[in-house]
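# Residue-level structural notes
Residue-level listing of the chains:
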Amino acid sequence: MMAQAGATHVVVMAQAHEETIHCVVKAGRDCGVQVMGDNLAAADMVEAARQLEQLGCDYVIHHVG
């Protein structure tokens, strides 16, 4: 829906279930949009960033207050 509305990027939270992240990354590739993984509120932000990268996110948003 977001790609059809003109989005070029979408966001998925690191706190989401791993399968959700996989699905968002796949949908992003299928629809031609890039995926930004956001590590807001992760207990270990560095590990969350690594996981987002390993799961295929195009960008990692290191989200701090």
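Residues numbered from 1 in each chain as written. Predicted model: local features only at pLDDT ≥ 70, side-chain atom pairs only at ≥ 80, totals over all residues. Heavy atoms only, no water.

## Comments concerning helix α1 (residues 18-31)
For α1, spanning 14 residues, the distance from its first C-alpha to its last is 20 Å, which sits close to the expected 20 Å at 1.5 Å a residue. Taken residue by residue, α1 has I21, V25 and G28 as its buried positions. With its buried residues spanning 60° around the axis, α1 presents them on a single face. In α1, the exposed positions angled more than 90 degrees off the buried face are occupied by K26 and D30. Looking at the buried side of α1, the elements it contacts are β1 (9-13), β2 (34-38) and α2 (45-54). (Helix = DSSP H or I, 4+ residues; strand = E, 2+ residues; numbered from the N terminus. Expected span 1.5 Å × (residues − 1). Buried < 20%, exposed > 50% of the residue type's maximum accessible area, 1.4 Å probe, protein only. Arc of directions from axis to C-beta. Contact = heavy atoms within 4.5 Å.)

## Topic: the state of the cysteines
Counted according to the given criterion, the structure contains zero disulfides. Note on C23: no disulfide assigned, nearest cysteine sulfur contributed by C57 at a separation of 12 Å. (Disulfide = S-S within 2.5 Å.)

## A short note on the pairing of β1
Here β1 shows one buried face, formed by V10 and V12, and one open face, formed by H9, V11 and M13. Pairing analysis gives five bridges linking β1 to β2, with the strands arranged parallel. Bridge pairing links V10 to V35 in β2. Handedness of the β-α-β unit built from β1, α1 and β2 comes out right-handed. (Pairing = 2+ DSSP bridges. Right-handed = clockwise from strand over helix to strand, strands pointing away.)

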